[in-house]
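These are the residues of each chain, in order.
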Amino acid sequence: MDTDDSGSVSQPTGAEFYQTVVERAPVGVVTIDSENTIVDANAALERFVGYSPDELVGKHVCKLVPERSQSLETAASFGADGPEEGEIELPFTHRDGTDVAMIVRVDAYEYQDERIRTAFVWPRPDRTEGASVPADKHHDATDIDELFRSVAAEIVETSTRETIEQTVCEELAASEAYEFAWIAEVDRTTGDVTPRSMAGVEGYFSEIELTTDPDDPAGQGPGGKTLRTGQSHVLRNVFEEPSFEPWRSEAERYGFRSVAVVPISNGSTQYGALGIYSARVRAFGKRERTMVEQLGRLVGAAIASVEQQQALLTDSIVELEFRSRNVFQLFDRPVTADGAIALEHVVALDDESFLGYGTATAESMAVVEKLVDDDAIECVTSATVLHETDTATRFEVRLRDPPLLPTLTSHGAILETFRLAEGDLTMQIHAVPGRDIHQIVDAVTTTCPGAEMVGRRQRPQIARSPQELRQSLLDRLTARQQTALEAAYYGGFFEWPRERSGEDVAASLDINSSTFHQHVRKAENKLLDVLFEEQ
C-alpha cells in the first residue's frame, strides 16, 4: 500500500459477528473447548464472578466451577459427557473465593472438528423479588430476567438485520409478559415513521397516527418522542397519561396498559426504536426498564455488525469519492497546509472510542500534533508517534465519538480512504449496492462541512479461490520463513497451552532460537499485512 497517496480505513468488520454481539450482551458468556479449557469470556462475566477475561482464557473450567461440584450432575453441562443444551442452576466460584449461584444456558456445536460449548451465564434472581403489583397478569422478576436473556441469546445466532428485528419482536410477543412488540424507523427523506418488524398484533400501525413532529399531538406519545430524541420513554399506565389520549381507544381494543419505547442504537448511531406493550398496569419499573434499554443497545450492536459484514461480503461495491478544499480554514487558528496525512486503519475499542493508525510527512505530523494540543478537533484526543524515518512518520491517534464512522456504518458503508494533502481532504467511501446513496451523501456532507461528491462508480469486488489465496500468501515468504512457520505450526508452537517452545522447534531445525523467532516474526508480519492492509 502506498501510504503517501491513500489509506484504507475499516472498522472491525472481519471481526466475528459473535464476538461483536456478546461483548455487549447483558449476560456473561464463556466458551470452552473439548478439553474443558476456557477459550473465550466476555466482560459482563467479570461483574458476576470477579475474574477479567484475561484471567480466565487458557484456564480449566474448574477455575469457575468448584471442583466439588464437577462430580455432580448439576455440573454436567460443562463436562464432556453432559447434556447438549438447556438451563441449569450451578454454583460458580467468585474471585474472592465465595460461591455465587448462577443460571447457566449451554449451547454445544462443532467448530473445526472440535466440540465447543458456549455458556450464557447470569446470577440466580432473588426469589423474593417480584412482589405482586396491580396487574392484569402477574410476572415475577425471574420470568422477565429469563425472557430478556433468552432474547439476547437468540440474537447472537442471527445474521441479517431483518432476522434480528423480527426475532426480537416475535420472542417478546410470544411471552406472557407482553402483548405485542414492534420496531420502527424514521424515513430520512420524508420524515415518516415506518414499521420494520412487528409481532403479536396485526394492523396496529395502519390504525394509528404516529409522527416525530413535536407540535403534533400524534408526536407526543412514547414512540414519537423516542424516535425524535433518541431517549427511552415509558408509560406505566396509559390511562393516567394525558399525552396518550390519541391512542386510548387502541389501548382498550388491544388490551395493553403499559408501554415502553427504547432507542435501537450503537454509539451515536440510531437505527430506530423498539416498542413493547404490556397488559400489566405499572409494568416497566426501574429494573425492567433497564433491561429493555440494554436490549435496545444489544440490537443496535448486532445490526451494526451485520451491516458492516454485508458491506464487505457483497459481490460488488459502489465507490463514492468526496473532496473538501482548504479544510484548515475551518479552524480558528493558523495552520499550515504543507505535506500529506493518510489515515490507514481504525480499530474500535468500544461503541465510542477508536484507535486510528496512519502516516504523515514530517511537516504534516507537526500539524497533527498542533491540532491535538490545541483541542482543534474534538474527536481526536491524543496523537502518538510510532516510528519515524527521513520521509514519513507512522502515528497513532485516539478518537472519541467520531461522527462519520458510525454514521456510515448505519447506512451500510465503509470509509475506505482518508487523505489530507496540501490542505485538501479526499475520501473514498464504499457502499453496498441497493442502498440509498442520497442518504449517504447527505450524511457525509452534513458531517464534513465543505465536502462534495466528485465521483461515483460501481465495480465488482475481486474474489479469490482458497487455492489462489494460499499461493498468494506463500509467495510472500522466503523458503526459510515458510520452513520455520510450518515447523512451528505442526510442531505445536502455536497451541495453547504451547506444546513446544521456540527453543525446541529451533533445535529441530538445527538453528539457534533467535534465528527461529526472527523467521517466524517476519513471516507473521507478512501474513498479517495481507489480512489487515488488503481488506
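Cut-off values and rules
Residues numbered from 1 in each chain as written. Predicted model: local features only at pLDDT ≥ 70, side-chain atom pairs only at ≥ 80, totals over all residues. Heavy atoms only, no water. Helix = DSSP H or I, 4+ residues; strand = E, 2+ residues; numbered from the N terminus. Buried < 20%, exposed > 50% of the residue type's maximum accessible area, 1.4 Å probe, protein only. Contact = heavy atoms within 4.5 Å. Areas by Shrake-Rupley, 256 points an atom, 1.4 Å probe, with all protein chains shown as cover. Pairing = 2+ DSSP bridges. Axes fitted to C-alpha atoms, helices over the stretch in contact; angles between N-to-C directions. Salt bridge = Lys/Arg side-chain N within 4 Å of Asp/Glu carboxyl O. Core = buried A, V, L, I, M, F, W, Y, C linked by side-chain atoms within 4.5 Å. Arc of directions from axis to C-beta. Polar contact = N/O pair within 3.5 Å; in protein donor to acceptor, adjacent residues only side chain to side chain. Phe/Tyr/Trp six-rings, centres within 6.5 Å; stacked < 30°, edge-to-face > 60°. Lys NZ or Arg CZ within 6 Å of the ring centre and 35° of its normal.

Visitor: Can you help me understand the overall build of the chain in this one?
Guide: Each helix and strand in the chain was counted, giving 17 helices and 18 strands. Within the span of the chain, comprising 535 residues, buried residues form 47% of the whole. Long-range contacts, defined as pairs at least 24 residues apart, comprise 58% of the intrachain contacts of the chain with a sequence gap of at least 6. Only carbon and sulfur atoms are counted for the fraction: they give 47% of the accessible area of the chain, which is about 26,400 Å².

Visitor: Explanation requested: unusual backbone geometry in the structure shown.
Guide: The phi torsion at N36 lies on the positive side, around 65°, for a residue other than glycine. According to the relative accessible area criterion, N36 is buried, its value standing at 15%. Phi at R282 takes a positive value of approximately 70°, unusual for a residue other than glycine. Mapping R282 onto the fold places it in the loop between β10 (269–278) and α10 (286–313). Looking at R282, the relative accessible area reads 38%, which means it is partly exposed.

Visitor: I would appreciate a short explanation of helix α8 (residues 222–229) in the present structure.
Guide: Quick reminder: α-helices carry 3.6 residues per turn. Residues three or four places apart thus point the same way. When we look at burial in α8, the residues that qualify are P222, G223, G224, T226 and L227. Where α8 is buried, its residues meet β6 (180–186), β7 (193–199), β8 (233–235), β9 (258–266) and β10. Downstream of α8 by one or two residues, G230 has phi in the positive range, about 75°.

Visitor: Can you help me understand the sheet that holds β6 in this one?
Guide: What holds strands together in a sheet is hydrogen bonding between their backbones, with the strands either parallel or antiparallel. Pairing is antiparallel in the open sheet, where 5 strands are placed in the order β7-β6-β10-β9-β8. The open sheet has two free edges, formed respectively by β7 and β8, since each of these has just one partner strand. The sheet shows a mean angle of 20° between the axes of neighbouring strands, taken without regard to direction. Here β9 runs beside β10; their pairing, made up of 9 bridges, is antiparallel. From the neighbouring strand, V262 faces β10, where its bridge partner is L274. Those strands touched by α8 are β6, β7, β8, β9 and β10, and its axis lies near 15° from that of β9.

Visitor: Hey, could you run me through the pattern of salt bridges in this one?
Guide: If charged atoms from side chains of opposite charge come close, those side chains can pair. Enumeration over the complete set of coordinates arrives at 13 salt bridges. When the shortest N-O distance is used, the salt bridge between R196 and E165 registers 2.8 Å. Within this pair, whereas R196 is found in strand β7, its partner E165 is found in helix α6 (residues 161–174), the two being separated by 31 residues in sequence. Of the residues examined, R196 reaches a relative accessible area of 29% and is grouped as partly exposed. With a shortest N-O distance of 3.1 Å, D424 and R325 are connected by a salt bridge. Linking D424 in strand β17 (residues 424–431) with R325 in the loop between β11 (316–324) and β12 (340–348), this pair joins segments that are 99 residues apart in sequence. Overlapping salt bridges bring together R161, E162, E165, E185 and R196 as one network.

Visitor: Can you help me understand the nonpolar core in this one?
Guide: Generally speaking, a soluble globular protein has its nonpolar side chains buried in company with each other. Judged by nonpolar contacts, the single largest core of 34 residues is most densely connected at I155, L172, Y178, L274 and L295. Listed by contribution, the elements that provide at least two residues to this core are α5 (141–156), α6, β6, β9, β10 and α10. Top contributing element to this core by residue count: α10, with 9 residues. Discounting residues that sit within four places of it in the chain, L295 has contacts with F148, V151, I155, V168, L172 and L274. Counting residues in hydrophobic clusters, the runner-up holds 33 residues, among them I341, L343, V397 and C448.

Visitor: Hey, could you run me through the pairing of strand β2 (residues 38–41) in this one?
Guide: Consecutive residues of a regular strand have side chains that alternate between opposite faces of the sheet. Bridge analysis of strand β1 (residues 28–32) against β2 gives 3 bridges, and the strand direction is antiparallel. Residue pairing for β2: T31 is matched across the bridge by D40. Between β1 and β2, which follow one another and run antiparallel, lie 5 residues, and N36 among them has a positive phi close to 65°.

Visitor: I would appreciate a short explanation of helix α16 (residues 502–509) in the present structure.
Guide: Within α16, burial applies to G502, V505 and A506. Taken end-on, α16 shows its buried residues confined to a sector of 100°, consistent with a single buried face. Among the exposed residues of α16, those oriented more than 90 degrees off its buried face are A507 and S508. A positive backbone phi angle near 60° is found at D510, which sits one or two residues after α16.

Visitor: Could you clarify how one ought to interpret the side chain of S232 in this entry?
Guide: Topologically, S232 is positioned in the loop between α8 and β8. Polar contacts involving the side chain of S232 include one to the side chain of R289, which spans 3.2 Å. For S232, the residues in contact, after removing those within four places along its chain, are T226, V261, V262, P263, R289 and E293.

Visitor: What am I meant to see in the packing of aromatic side chains here?
Guide: To describe a pair of aromatic rings, one takes the distance between the centres and the angle between the planes. The full count for this structure, using the stated rule, is 15 aromatic pairs. Ring geometry for F180 and F256: centres 5.8 Å apart, planes at 75°, overall edge-to-face. On the criterion of sequence distance, the pair formed by F180 in strand β6 and F256 in the loop between α9 (248–254) and β9 is long-range, its members being 76 residues apart. Here F180 and F256 have matching classes, each one buried. A cation sits over an aromatic face here: R498 above F493, 3.9 Å from the ring centre.

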